[in-house]
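A closer look at the structure
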Amino acid sequence: MNSLEWNNIFNNIRFIIFERCYCIIFRERKLDYSWIYTASEEEKAKYYKKKLCTSMGVLCFIVAVLLFVMTYFIYQVEMGMLPEQSLQTVALVFSIVLVVTIIVEMIYSNTICKKK
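It should be emphasised that the depicted structure is a prediction, and the values quoted were computed from it without experimental measurement.

**Side note on the overall build of the protein**
Within the protein, the regular secondary structure consists of four helices and zero strands. Along the chain direction, N to C, the helices and strands of the protein fall in the order α-α-α-α. Here the protein, with 116 residues, has 15% of them falling under the buried criterion. Long-range pairs, those at least 24 residues apart, make up 62% of the contacts in the protein with a sequence separation of at least 6. With the model as given, the accessible surface of the protein reaches about 10,000 Å², and the carbon-plus-sulfur share is 69%.

Structure (structure tokens):
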């Protein structure tokens, strides 16, 4: 077995242990994942599902690209190709773009994705 298979086995065991400990501590027979789905049927009916899913997908893509760029610059600094001070600028731009993207997504999802 390679290390990836061992890692998957280890993660599954860790999840099972976490779930059992949770059930013991909170005296539950089985974990209830209903807290994930918090919107009522009336609230779900107020939004266009396809538009909302598309906009969230775009948000996730933008965040993934930002994380990729940040990781690339961190790698460049670790290899000594860039000075460490340039990473501060990249981190500042990363933070600003991330916050602006989330704000724009919130506005978009509450205006365009909402049924009239």
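On we go.
**So, the side chain of Ser55**
Mapped onto the fold, Ser55 is located in helix H3 (residues 49–78). The exposure class of Ser55 is buried, given its relative accessible area of 6%. The contact partners of Ser55, leaving out residues within four places of it in the chain, are Glu105, Tyr108 and Cys113.

**Some words on a nonpolar patch on the surface**
On the surface, Val58, Phe61, Ile62, Val65, Phe68 and Val69 cluster together into a nonpolar patch covering about 540 Å² of accessible area. With respect to the helices and strands, Phe68 occurs in helix H3.

**Some remarks on the packing of aromatic side chains**
Applying the stated criterion across every chain yields a total of one aromatic pair. Arranged with centres 5.8 Å apart and planes meeting at 70°, the rings of Tyr72 and Phe73 form a pair that is edge-to-face. Overall, the relative accessible area of 43% leaves Tyr72 in the partly exposed class.

**Some details on the side chain of Glu105**
Note on placement: Glu105 falls in helix H4 (residues 84–111). In this structure, Glu105 is in contact with Ser55, Met56 and Leu59, ignoring residues within four places of it in sequence.

**Focus on H4**
When the terminal C-alpha atoms of H4 are compared, their 41 Å separation across 28 residues agrees well with the 40 Å that a helix rising 1.5 Å per residue should span. Three or more residues of H4 are buried, namely Leu87, Val90, Phe94, Thr101, Glu105 and Ser109. Elements in contact with the buried residues of H4: H3.

**Observations regarding the packing of H3 against H4**
Running from N to C, H3 and H4 cross one another at 175°; their axes reach a closest spacing of 10 Å. In terms of orientation, H3 and H4 fall into the roughly antiparallel class. In contact with Leu52, Ser55, Met56, Leu59, Ile62, Val63, Leu66, Leu67, Met70, Phe73, Ile74 and Val77 of H3, H4 contributes Glu84, Leu87, Val90, Ala91, Phe94, Val97, Leu98, Thr101, Ile102, Glu105, Tyr108 and Ser109. Partitioning the contact of H3 with H4 into residue classes produces 19 nonpolar, three polar and two charged.

Reading guide: rules and limits
Residues numbered from 1 in each chain as written. Predicted model: local features only at pLDDT ≥ 70, side-chain atom pairs only at ≥ 80, totals over all residues. Heavy atoms only, no water. Helix = DSSP H or I, 4+ residues; strand = E, 2+ residues; numbered from the N terminus. Buried < 20%, exposed > 50% of the residue type's maximum accessible area, 1.4 Å probe, protein only. Contact = heavy atoms within 4.5 Å. Areas by Shrake-Rupley, 256 points an atom, 1.4 Å probe, with all protein chains shown as cover. Patch = residues over 30% accessible without salt bridge, like charges linked within 9 Å, V, L, I, M, F, W, Y side chains within 5 Å. Salt bridge = Lys/Arg side-chain N within 4 Å of Asp/Glu carboxyl O. Phe/Tyr/Trp six-rings, centres within 6.5 Å; stacked < 30°, edge-to-face > 60°. Expected span 1.5 Å × (residues − 1). Axes fitted to C-alpha atoms, helices over the stretch in contact; angles between N-to-C directions. Parallel < 35°, antiparallel > 145°, perpendicular 65-115°, else oblique. Nonpolar A, V, L, I, M, F, W, Y, C, P; charged D, E, K, R; others polar.

None of the figures reported here should be taken as evidence of function without further support.
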